[in-house]
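# Residue-level structural notes
These are the residues of each chain, in order.
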Amino acid sequence: MAFPVHSCTKLKLQSSPSRIQQSSGSRHSCRAMAAGGGTITREVLSKAQRSKMDGTSDRQFYAFPRLVKHVDDGFLAQVTQLYRERIQPGSVVLDLMSSWVSHLPPEVKYEKVIGHGLNAAELARNKQMDSFFVRDLNAEPDGWAMGDQSVDAVVCCVSVQYMQQPERVFAEVYRVLKPGGVFILTFSNRMFYDKAIAAWREGTGYSRCQLVKQYFQAVQGYTDPEVVQQVPLPAGQQQGSGLLQLMPKQLQQFFARTSSDPFYAVLAYRNFKPDYS
């Protein structure tokens, strides 16, 4: 199915069928393994776990722009710092399930930032994006109009809880990532409750991290996923009063975590983790 791409440069359409592994002798499975991974080896979620309380169309739910931030500044500062640490300058970045703000560090120059979301008006307001496309990943989780191995990093901020077909989305992310490319997902305890999947609604911070780890592990070729629960900020960006800065470091971290939206990130790389040192 065709969908609009908003950009000065159009993206080449690539078809990509679902990559659930067939028998070891299937030609499709052999091709996937020869390409270095990307095969879905198992389904993580049951049908009941994929369900939402609000079963109406996601396109309808996101039809009107929401020009707000859904988490607090302390959380977002950690998101930006994590991107600063894990994504190299000059990278091609895909901001998945995005909105009017990408949270990428403003001082870093990227080759290109491609956005994705469900509301074109929100995406058009995003000053960091060079192009964007609109697509309902729950209805069409793969077959994106992007070439194989075309991006260096994929980010997804506070949206993984809405994925009903995460295995296929993670396989498609694997397809578009270059070898050594990183997929970073950040989330908190906030959500549109009626639109989050059952497996997420009923979970805890720990169980949600384990769930996202399983999404990575269900697709052949990702590195072992890492869980990050706190990103140290540079001195000038730390939250809190001067009195807090005088406390021992562990106590500072405790107060910072309890006074802000809880921060969780799960990330992995395609094939290998690069060493930029």
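Residues numbered from 1 in each chain as written. Predicted model: local features only at pLDDT ≥ 70, side-chain atom pairs only at ≥ 80, totals over all residues. Heavy atoms only, no water.

## A closer look at the overall build of the protein chain
Rules: Secondary structure counts use DSSP, requiring at least four H or I residues in a row for a helix and at least two E residues in a row for a strand, with both numbered from the N terminus. With a 1.4 Å probe rolled over the protein chains alone, any residue whose accessible area is under 20% of its type maximum counts as buried; one over 50% counts as exposed, and the rest are partly exposed. A contact between two residues is defined here by any heavy atoms of the two lying within 4.5 Å. Accessibility throughout is a Shrake-Rupley quantity obtained with a 1.4 Å probe, and a residue counts as covered only by protein chains that appear here.
In terms of regular secondary structure, the protein chain is built from nine helices and eight strands. Looking at the protein chain as a whole, 51% of its 277 residues are labelled buried. A sequence separation of at least 24 residues applies to 74% of the contacts in the protein chain between residues at least 6 apart. Just so you have it, the protein chain exposes about 13500 Å², and 53% of that area is on carbon and sulfur atoms.

## Regarding the pairing of strand β5 (residues 151–157)
For the record, the criterion: Note: two strands are recorded as paired if DSSP finds a minimum of 2 bridges between them.
For β5, a buried count of six out of seven residues is recorded, marking the element as mostly surrounded by other parts of the structure. Across three bridges, the pairing between strand β2 (residues 92–95) and β5 is parallel. Of the residues in β5, the one forming a bridge with L94 is V154. Looking at chain direction, β5 and strand β6 (residues 177–187) are connected through six bridges and run parallel. Within β6, the position partnered with C156 by the bridge is L185.

## A closer look at the environment of Q149
For Q149, the location among the structural elements is in the loop between β4 (131–134) and β5. Separated by 25 residues in sequence, Q149 and Y174 have C-alpha atoms that sit 8.2 Å apart.

## Concerning helix α7 (residues 205–217)
What counts, and what does not: By this rule the span expected of a helix is its residue count minus one, scaled by 1.5 Å. Each direction from the helix axis to a C-beta atom contributes to the arc, which is the arc of those directions.
Here α7 contains 13 residues, and its C-alpha end-to-end distance of 19 Å stays within 8% of the 18 Å for a straight helix at 1.5 Å per residue. Residues G205, R208, C209, L211, V212, Y215 and F216 constitute the buried set of α7. The buried residues of α7 all sit within an arc of 160° when viewed along its axis, so they share a single face.

## Considering the side chain of N119
Residue position: N119 is located in the loop between β3 (112–117) and α4 (120–124). Look at N119 and you get buried, because its relative accessible area is 6%.

## Brief notes about helix α5 (residues 166–176)
Judged by how many residues are buried, α5 sits mostly within the fold: 10 of 11 residues are covered. Its buried side turned inward, α5 meets β5, β6 and α7.

## Re the confidence of the model for the protein chain
Cut-off, in case you're wondering: Per residue, pLDDT captures the predictor's confidence, and it can take any value from 0 to 100.
Of the residues in the protein chain, 75% reach a pLDDT of 70 or more, and the chain-wide mean stands at 83. With pLDDT under 50 throughout, residues 1–35 is counted as low confidence; its partners more than four residues away or in other chains account for 62 contacts.

## A word on the side chain of E167
You can see E167 is positioned in helix α5. By relative accessible area, E167 is classed as buried at 4%. Setting aside its immediate chain neighbours within four residues, E167 contacts I40, R42, E43, V44, L45, R50 and V219.

## Comments concerning the pattern of salt bridges
Cut-off, in case you're wondering: By salt bridge we mean one thing: a side-chain nitrogen of Lys or Arg within 4 Å of a carboxyl oxygen of Asp or Glu.
One pass over the full model with this rule turns up nine salt bridges. Between E167 and R50 there is a salt bridge, and its shortest N-O distance comes to 2.9 Å. Highlighted residues: E167 in helix α5 and R50 in the loop between α1 (27–34) and α2 (58–61), separated in sequence by 117 residues. For the pair shown, E167 and R50 are each scored as buried. The network of salt bridges with common partners includes E43, R50 and E167.

## Observations concerning the nonpolar core
Stated formally: Note on terminology: a nonpolar core comprises buried Ala, Val, Leu, Ile, Met, Phe, Trp, Tyr and Cys residues joined through side-chain atoms within 4.5 Å.
Of all hydrophobic cores here, the largest spans 45 residues; its most connected members are L96, F170, F183 and Y222. Among the elements of the structure, β2, β5, α5, β6, α6 (198–201), α7 and β8 (264–269) are those that each provide at least two residues to this core. With six residues, α5 is the single largest residue contributor to this core. The residues contacting Y222, other than those within four sequence positions of it, are F170, V173, Y174, L177, F183, F216, A268, Y269 and R270.

## Digging into the environment of D54
Position of D54 relative to the elements: it lies in the loop between α1 and α2. In the structure, D54 is positioned 143 residues away from I197 in sequence and 9.6 Å away in space, judged by C-alpha atoms. Excluding residues within four positions of it along the chain, D54 makes contact with F61, D194 and K195.

## What to know about unusual backbone geometry
The backbone phi angle of H103 is positive, close to 70°, even though this residue is not glycine. Here H103 shows up in the loop between β2 and β3. Unlike most non-glycine residues, V158 shows phi in positive territory, near 45°. Tracing the chain through its elements places V158 in the loop between β5 and α5. Among the residues examined, V158 registers a relative accessible area of 17% and is labelled buried.

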